[in-house]
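# Analysis of the macromolecular model
Spelled out from the first residue to the last, the chains are:
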Amino acid sequence: MKISKLAIVILLCNSYTSSKNKHLKVNLKCLSQATNEYFSNMKILLTGSNGFLGQHLTQFLGDKGYEVLAVSRGAQRIPVGKFLYQSVDLTHKQSVKQAFDTFKPELVIHAAAMSKPDECHLDQAACLLHNVTATEHLVECAARTAARFLYVSTDFIFGENGPHPETAIPNPLNFYGKSKWMAEEIVRASGLNYHIIRPVFIYGKYWEGMRPSFIQWVDQNLSAGKPIKVVADQLRTPSYVQDLCKGIELVFSGPINTEYHLAGKDIISPFEMALTVARVRNLDTNLITAVTADSFPELVQRAKFSGLKIDKAVQELGYAPVDFETGVRWSFDL
Ligand SMILES: NC(=O)c1ccc[n+]([C@@H]2O[C@H](COP(=O)([O-])OP(=O)(O)OC[C@H]3O[C@@H](n4cnc5c(N)ncnc54)[C@H](OP(=O)(O)O)[C@@H]3O)[C@@H](O)[C@H]2O)c1
């Protein structure tokens, strides 16, 4: 039943594109639009729903008509949206199995993680449990129900010499990056139909119950007249969270067994990001001092020139992120 519907969708797209004599990219976009309609009631189990990305993504997918089971460890913290919620510790296999048996997802989006590199360094056993063992449990359950699997990875699987394309050789510089790469390998070897996406330095709108992102930290300090020191010799390609949500939908509506970088289009240092926040929010840029990464006693090594190239997602999926300043304005409803 589902296959024949999808076949009709593909047929419609082919006749549309051949009659208009358009390029394959248009064909893929058309297929993506059509599969969006087809998939609009797809059952999605989303892990990490209480996190910064997870809260935005739960609302985004619910608004799009997907049937979402939002899963996190603690009590539900998402203020509004159309979704079901279940508190599940992903390190407990039996609880994960029970969530799958009840909800029977068609797609799993795995965004839960122990996501702070310093914490991962300090408690490596916990990091392995939350980032690797939890992924093993989810993959095992997804295999039993033949669900597709979308894993949210990170630019931290790569080392220096960014921005990196999808074909770059992983070389994590810290334990967090290693654990995320290990989880990627589990997903790739699972035999599941999978997607791997990699965002960078996620930022966006904040609401209560959420972990603030970097731009809120800058805003809060400058608004209180407090000076801040920000690293100027590291480069990143920050992902605006709404672009990321749209990109994730494009990815799971597209070809399987693929990897895509869903970053922003600007290559920018945290210092430049802070200046942009100050300008957009009309705050005093003189409170921001540029420092070098060496002057910060950091627990873990981070790449100086990191960031990810997004050409593949742009060309193959029509991914179209905004520039950093626009993302900041929209994050503050400006
Ligand atoms: N933030 C970034 O800049 C960034 C950049 C690149 C990639 N990523 C990746 O993107 C994903 C989302 O990042 P984020 O910043 O939104 O994460 P986050 O705010 O730290 O949230 C992670 C969520 O995972 C949940 N979680 C952790 N361990 C769990 C477990 N054992 N069982 C159930 N739930 C568990 C937590 O739920 P509770 O709150 O209920 O405990 C938490 O809400 C992560 O996979 C991260 O590695 C993030």
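Before reading further, recall that the structure is shown in the block above.
Residues numbered from 1 in each chain as written. Predicted model: local features only at pLDDT ≥ 70, side-chain atom pairs only at ≥ 80, totals over all residues.

In this section: the overall build of the chain. Broken down by element type, the chain carries 12 helices and 9 strands. Here the contacts in the chain between residues at least 6 apart in sequence split such that 76% fall between residues at least 24 apart. (Helix = DSSP H or I, 4+ residues; strand = E, 2+ residues; numbered from the N terminus. Contact = placed C-beta atoms within 7 Å.)

Packing of helix α4 (residues 93-103) against helix α6 (residues 124-145) leaves a shortest axis separation of 10 Å and a crossing angle of 35°. For the pair α4 and α6, the crossing hand works out as right-handed. Side by side, α4 and α6 meet where K93, V96, K97 and F100 of the first sit next to H137, L138, C141 and T145 of the second. Residues of the contact of α4 with α6, tallied by class, amount to 4 nonpolar, 2 polar and 2 charged. (Axes fitted to C-alpha atoms, helices over the stretch in contact; angles between N-to-C directions. Left-handed = near helix turned anticlockwise from the far one by under 90°. Nonpolar A, V, L, I, M, F, W, Y, C, P; charged D, E, K, R; others polar.)

Once that is clear, we can look at the site of the ligand. The ligand sits among 29 residues. The nearest are G51, S72, G74, A112 and A113. Among the elements that make up the shell around the ligand, the one with the highest residue count is helix α3 (residues 52-63) (3 residues). Split into classes, the residues belonging to the shell around the ligand amount to 14 nonpolar, 11 polar and 4 charged. (Near = placed C-beta within 6 Å.)

In this section: unusual backbone geometry. Each neighbour pair has its own omega, and for G162 with P163 the value is -5°, a cis peptide bond. Summarising the element assignment, P163 is placed in the loop between β5 (148-152) and α7 (175-188). Phi is positive for N161, close to 70°, though the residue is something other than glycine. Structurally, N161 is set in the loop between β5 and α7. Taking the C-beta count within 10 Å as the criterion, N161 has 12 such neighbours and is therefore assigned exposed. Phi at F201 is positive, roughly 40°, even though this residue is not glycine. Tracing the chain through its elements places F201 in the loop between β6 (194-198) and α8 (214-223). (Buried ≥ 20, exposed ≤ 12 C-beta atoms within 10 Å, placed from the backbone.)

Now for the nonpolar core. With 85 residues, the main nonpolar core has I44, L46, V108, F149, L150 and I248 as its most contacted residues. Considering every element that reaches this core, the biggest residue donor is helix α9 (residues 241-252), with 7 residues. (Core = buried A, V, L, I, M, F, W, Y, C linked by C-beta atoms within 7 Å.)

Here S239 lies in the loop between β7 (228-231) and α9. Distance in space between the C-alpha atoms of S239 and P321 is 8.1 Å, their sequence separation being 82 residues. Excluding anything up to four places from it in sequence, S239 contacts P199, V200, F201, I202, L244, L262, A263 and G264.

What follows is about helix α10 (residues 270-280). Every α-helix carries 3.6 residues per turn, so stepping three or four residues along brings you back to the same face. Turning to α10, its buried residues number three or more, namely P270, M273, A274, T276, V277, A278 and V280. Looking at the buried residues of α10, the elements they touch are α8, β7, β9 (288-291) and α12 (324-331). One or two steps after α10, the chain reaches N282, where phi turns positive at roughly 60°.

Ordered in space as β3-β2-β1-β4-β5-β6-β8, the 7 strands form an open sheet in which the pairing is parallel. Of all the strands in the sheet, just β3 (84-87) and β8 (258-261) have a single pairing partner and so form its edges. Strand-to-strand, the axes of this sheet are offset by a mean angle of 15°, without reference to chain direction. Sheet topology note: the β6/β8 ladder contains 4 bridges and is parallel. (Pairing = 2+ DSSP bridges.)

For α6, built from 22 residues, the straight-helix expectation of 32 Å at 1.5 Å per residue is met to within 8% by its first-to-last C-alpha distance of 31 Å. Its axis deflected by about 25° at H130, α6 carries its strongest bend there. What α6 keeps buried is the set C127, H130, N131, A134, T135, H137, L138, V139, C141 and A142. Here the buried face of α6 lies against β1 (43-47), α4, β4 (107-110), α5 (117-122), β5 and α7. Positive phi shows up at A146, right after α6, with a value of about 55°. (Expected span 1.5 Å × (residues − 1). Bend = angle between axes of the 7 residues up to and from the residue.)

In this section: the environment of V314. Among the structural elements, V314 can be located in helix α11 (residues 311-317). It is 9.5 Å that separates the C-alpha atoms of V314 and G247, two residues lying 67 residues apart in sequence.

A word on the pairing of β5. The buried fraction of β5 amounts to 4 of the 5 residues, a majority that puts the element mostly inside the structure. Sheet topology places β4 next to β5; 4 bridges connect them, and they run parallel. By the bridge assignment for β5, V108 is matched with F149. Two strands pair when backbone bridges link them, and β5 and β6 are joined in this way by 4 bridges, in the parallel orientation. Its bridge partner lying in β6, L150 is registered against H195. Handedness of the β5-α7-β6 crossover: right-handed. (Right-handed = clockwise from strand over helix to strand, strands pointing away.)

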